[in-house]
Amino acid sequence: MADCECLSKCPFFHDQMSNMPSTAELVKKQYCSGPNADNMKCARHMVFVVLGRDGVPSDLYPSETGRADKILAGR
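From a predicted model like this one, the values you see are computed outputs, not experimental measurements.

Peer 1: Where do I start with the environment of Met-40 in this structure?
Peer 2: Tracing the backbone through its elements, the reader meets Met-40 in the loop between α2 (21-31) and α3 (43-51). With 11 residues separating them along the chain, Met-40 and Lys-29 place their C-alpha atoms 13 Å apart. Look past the residues within four positions of Met-40 in its chain and what remains in contact with it is His-45 and Met-46.

Quick look at the structure:
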């Protein structure tokens, strides 16, 4: 899969993960970049697709798909 279009400007990595580079790389490999990445399973990307960049809560973790579902249900 191609790199996520949000990766270069994703506040999750630039703000919340900036002090944890090795953990950030693991998360990126799972959701954002590389042959096994699947951004369709990323909670942040799920909200981004429907609500746009401004609709993504800054504290939403990629693994919080249940929370993303609730955000999208309440729109």
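The discussion continues.
Peer 1: Sorry, what's going on with the packing of α3 against helix α4 (residues 65-73) here?
Peer 2: Where α3 meets α4, the axes come as close as 8 Å, and the angle between the chain directions of the two elements is 15 degrees. By the angle between their directions, the pair α3 and α4 is classed as roughly parallel. Where α3 crosses over α4, the two elements pack in a sense that is right-handed. Mapping the contact onto sequence places Ala-43, Met-46, Val-47, Val-50 and Leu-51 in α3 and Thr-65, Ala-68, Asp-69, Ile-71 and Leu-72 in α4. When the residues that make up the contact of α3 with α4 are grouped by side-chain class, the tally is 8 nonpolar, 1 polar and 1 charged.

Peer 1: Looking at this structure, how should I read the nonpolar core?
Peer 2: Among the nonpolar cores identified, the biggest contains 20 residues, and Phe-12, Phe-13, Cys-32 and Val-47 are the most heavily contacted of them. When residues of this core are traced back to their parent elements, those giving at least two are α1 (11-16), α2, α3 and α4. Per element, the largest residue contribution to this core is 4 residues, and it comes from α3. Look past the residues within four positions of Phe-13 in its chain and what remains in contact with it is Leu-7, Ser-18, Ala-24, Val-27, Lys-28 and Cys-32.

Peer 1: Would you take a moment to explain the pattern of salt bridges for this structure?
Peer 2: Two side chains bearing opposite charge may form a pair once their charged atoms approach each other closely. Under the defined criterion, the tally for this structure stands at 3 salt bridges. One salt bridge connects Lys-28 with Glu-25, and the closest N-O pair in it is separated by 3.5 Å. Taken as a pair, Lys-28 and Glu-25 lie in helix α2 at a separation of 3 residues, close to a single helical turn. Of the residues examined, Lys-28 reaches a relative accessible area of 22% and is grouped as partly exposed. Where Arg-67 meets Glu-64, a salt bridge forms, and the shortest distance between an N and an O atom there is 3.4 Å. Here the salt bridges share partners, and the residues they tie into one network are Asp-59, Glu-64 and Arg-67.

Cut-offs applied
- Residues numbered from 1 in each chain as written.
- Predicted model: local features only at pLDDT ≥ 70, side-chain atom pairs only at ≥ 80, totals over all residues.
- Heavy atoms only, no water.
- Helix = DSSP H or I, 4+ residues; strand = E, 2+ residues; numbered from the N terminus.
- Contact = heavy atoms within 4.5 Å.
- Axes fitted to C-alpha atoms, helices over the stretch in contact; angles between N-to-C directions.
- Parallel < 35°, antiparallel > 145°, perpendicular 65-115°, else oblique.
- Left-handed = near helix turned anticlockwise from the far one by under 90°.
- Nonpolar A, V, L, I, M, F, W, Y, C, P; charged D, E, K, R; others polar.
- Core = buried A, V, L, I, M, F, W, Y, C linked by side-chain atoms within 4.5 Å.
- Buried < 20%, exposed > 50% of the residue type's maximum accessible area, 1.4 Å probe, protein only.
- Salt bridge = Lys/Arg side-chain N within 4 Å of Asp/Glu carboxyl O.

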